[in-house]
Amino acid sequence: MLENYGYEVLDLGRDVPPEKIVGTAKAEGIRLVGLSALMTTTVVSMEETIKLLRKEKPDTKVVVGGAVMTKEYAEAIGADRYAKDAMETVRYADEVFA
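Sequence order as written defines residue numbering, which begins from 1 separately in each chain. Only residues with pLDDT of at least 70 are given local features in this predicted model, and only at 80 or more are side-chain atom pairs given and counted; all residues enter the totals for whole chains, interfaces and linings. To obtain the side-chain values, all non-hydrogen atoms of the structure were included, while hydrogens and water were left out.

Novice: In this structure, what is going on with the nonpolar core? I would like to understand it.
Specialist: Considering soluble globular proteins, one finds that nonpolar side chains tend to be buried as a cluster. Ranked by size, the top nonpolar core spans 18 residues in total, and within it Leu35, Met46, Ile50, Val64 and Met69 carry the most contacts. It is helix α2 (residues 43-56) that provides the largest number of residues to this core, a total of five residues. Among residues more than four places away in sequence, those in contact with methionine 46 are Leu35, Ser36, Ala37, Val64, Met69 and Ile77. Tyr7, Leu32, Tyr92 and Val96 belong to the second-largest nonpolar core, a separate cluster that totals seven residues. Each nonpolar core is a collection of buried residues, namely Ala, Val, Leu, Ile, Met, Phe, Trp, Tyr and Cys, held together in the definition by side-chain atoms within 4.5 Å. Note on classification: 1.4 Å probe, protein chains only; a residue is buried when its accessible area is under 20% of the maximum for its type, exposed when over 50%, partly exposed between these limits. We count a stretch as a helix when DSSP gives it H or I for four or more residues in a row; a strand needs E for two or more, and each element gets its number in order from the N terminus. In this description, contact between two residues means that some pair of their heavy atoms is separated by no more than 4.5 Å.

Structural data, given as structure tokens:
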């Protein structure tokens, strides 16, 4: 959906280690990282990724979503924004890149 609205997306795939996400964000100058959780077991990795981003690239915003994610859970793990669907992610990207 982001690509449809003119954003360049680097899809790193599934089950990506936090270090790879942060390393890519640093190397590519990424300003917005999107993370999705379809199973509760992946939320732990999301939280680790957010903590590492805050430490190593604090200027990067993080949006999270997915089947098991809620706004409250997103806040608890330190995300900048919860998106209930892809269009909400586009609206947040519009804010970040305004």
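Here the narrative resumes, following the displayed structure.
Novice: What am I meant to see in unusual backbone geometry here?
Specialist: Outside of glycine, negative phi angles account for most residues, and trans bonds account for most peptide bonds. Phi is positive for aspartate 15, close to 50°, though the residue is something other than glycine. Tracing the sequence through the fold places aspartate 15 in the segment before α1 (18-28).

Novice: What am I meant to see in the side chain of glutamate 88 here?
Specialist: Residue position: glutamate 88 is located in helix α4 (residues 86-96). Look at glutamate 88: it is buried, it has no salt bridge, and the nearest opposite charge is lysine 84 at 4.3 Å. For this count, His and the chain ends are skipped, Lys and Arg are scored as positive, and Asp and Glu as negative. Put simply, a salt bridge is a Lys or Arg side-chain nitrogen that is within 4 Å of an Asp or Glu carboxyl oxygen.

Novice: Is there a simple way to think about the pairing of strand β2 (residues 61-65) in this case?
Specialist: Each regular strand shows side chains that alternate between the opposite faces of the sheet. Within β2, four of the five residues are buried, which leaves it mostly tucked inside the rest of the structure. Between any two strands, pairing holds if DSSP finds at least two bridges. As judged from the five bridges shared by strand β1 (residues 32-36) and β2, these two strands associate in the parallel manner. By the bridge assignment, leucine 32 is partnered in β2 with lysine 61. Once the chain exits β1 it traverses α2 before rejoining the sheet at β2, and the crossover so formed is right-handed. Pairing analysis gives two bridges linking β2 to strand β3 (residues 81-82), with the strands arranged parallel. Directly across from valine 64, in β3, lies its bridge partner tyrosine 82. Between β2 and its parallel partner β3, the chain crosses via helix α3 (residues 71-76), and the hand of that crossover is right-handed. Viewed with both strands pointing away, a crossover whose connecting path from the first strand over the helix to the second turns clockwise is right-handed.

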